[in-house]
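A structural walkthrough
Below are the chains, spelled out letter by letter.
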Amino acid sequence: MSAYVIFIREKTLDEEQMQQYATKAPAARTGHDITRLAFYGQLEVLEGPAAEGVAILRFPDMAAARAWYGSEAYQEARQHRFKGAEYRMLLVEGSDVPAV
């Protein structure tokens with residue numbers, strides 16, 4: 001069953017660190033089956049706290065998402081995200097059953 005990683009950027013703290021993250025994070029996609037469904041485009045908060053940006057990545061399953069997140073390349077990149085912004089990051093299992 002597919003899985004989704006959802007990034008919610010709440011507040012940027014250090015633009016230079018975020019630039020380093022943006023430079024290093026793409027290398028973490030190598031060897032992983034990732035589909036970018038949404039990537040920091042226009043957003044409208046309908047309920048809950050404000051967000052600066054949202055990204056949604058689709059993986060084949062939860063194990064594939066965890067493998068990407070735990071990869072050496074992503075661990076290297078995320079250090080800069082931690083320093084550069086306040087984020088919420090979620091991993092959620094998808095539903096591959098068609099809507100009725």
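In what follows, the structure referred to is the one given above.
Okay, so let's go over this structure. (Residues numbered from 1 in each chain as written. Predicted model: local features only at pLDDT ≥ 70, side-chain atom pairs only at ≥ 80, totals over all residues. Heavy atoms only, no water.)

1. What about the nonpolar core?
One finds V5, F7, Y21, L57, F59, W68 and Y74 to be the most contacted residues of the largest nonpolar core, which totals 16 residues. At the level of elements, β1 (3-12), α1 (15-24), β3 (53-59), α2 (62-70), α3 (72-84) and β4 (85-93) are the ones that each hand at least two residues to this core. With three residues, β3 is the single largest residue contributor to this core. Not counting residues within four places of it along the chain, the set of residues in contact with F7 comprises Y21, Y40, G53, V54, A55, L57, W68, Y74, R81, Y87, R88 and M89. (Core = buried A, V, L, I, M, F, W, Y, C linked by side-chain atoms within 4.5 Å. Buried < 20%, exposed > 50% of the residue type's maximum accessible area, 1.4 Å probe, protein only. Helix = DSSP H or I, 4+ residues; strand = E, 2+ residues; numbered from the N terminus. Contact = heavy atoms within 4.5 Å.)

2. Regarding the packing of aromatic side chains
Overall, the coordinates contain eight aromatic pairs when judged by the stated rule. Note on F59 and W68: the rings are 5.4 Å apart at their centroids and 40 degrees apart in plane angle, and the pair reads as tilted. The class for W68 is buried, based on a relative accessible area of 3%. With 4.4 Å between their ring centres and 40 degrees between their planes, W68 and Y74 make a pair best called tilted. Site record: aromatic cluster; members linked through ring pairs are F7, Y21, F59, W68, Y69, Y74 and Y87. When the ring centre of Y87 is taken as origin, the NZ or CZ atom of R81, which lies over that ring, is 5.1 Å away. (Phe/Tyr/Trp six-rings, centres within 6.5 Å; stacked < 30°, edge-to-face > 60°. Lys NZ or Arg CZ within 6 Å of the ring centre and 35° of its normal.)

3. Focus on the side chain of R78
In this structure, R78 sits in helix α3. One buried charge, R78, has no salt-bridge partner; the nearest side chain with opposite charge is E76, at 9.7 Å. When neighbours within four sequence positions are excluded, R78 is seen to be in contact with Y21 and Y69. (Lys, Arg positive; Asp, Glu negative; His and termini not counted. Salt bridge = Lys/Arg side-chain N within 4 Å of Asp/Glu carboxyl O.)

4. Quick notes on the sheet that holds β1
Spatial strand order, β2-β3-β1-β4: four strands in an open sheet with antiparallel pairing. Pairing within the sheet leaves two strands with one partner each, and these edge strands are β2 (35-39) and β4. Each adjacent strand pair in this sheet contributes to an overall mean axis angle of 15 degrees, direction not counted. In this structure, β2 lies alongside β3, joined through four bridges in antiparallel fashion. Looking at β3, one finds that F39 is bridged to A55. Across the sheet, α2 is in contact with β1, β3 and β4; its angle to β4 comes to roughly 150 degrees. Contacts from α3 reach β1 and β4 within the one sheet, and its direction differs from that of β4 by about 130 degrees. (Pairing = 2+ DSSP bridges. Axes fitted to C-alpha atoms, helices over the stretch in contact; angles between N-to-C directions.)

5. Let's talk about the pattern of salt bridges
It is possible for side chains bearing opposite charge to pair when their charged atoms get close. Taken as a whole, this structure holds two salt bridges when the rule is applied. In this structure, the salt-bridge partner of K24 is E76, at a minimum N-O distance of 2.8 Å. Linking K24 in helix α1 with E76 in helix α3, this pair joins segments that are 52 residues apart in sequence. A residue is classified by how much of its surface remains accessible, and K24, at 29% relative accessible area, is partly exposed.

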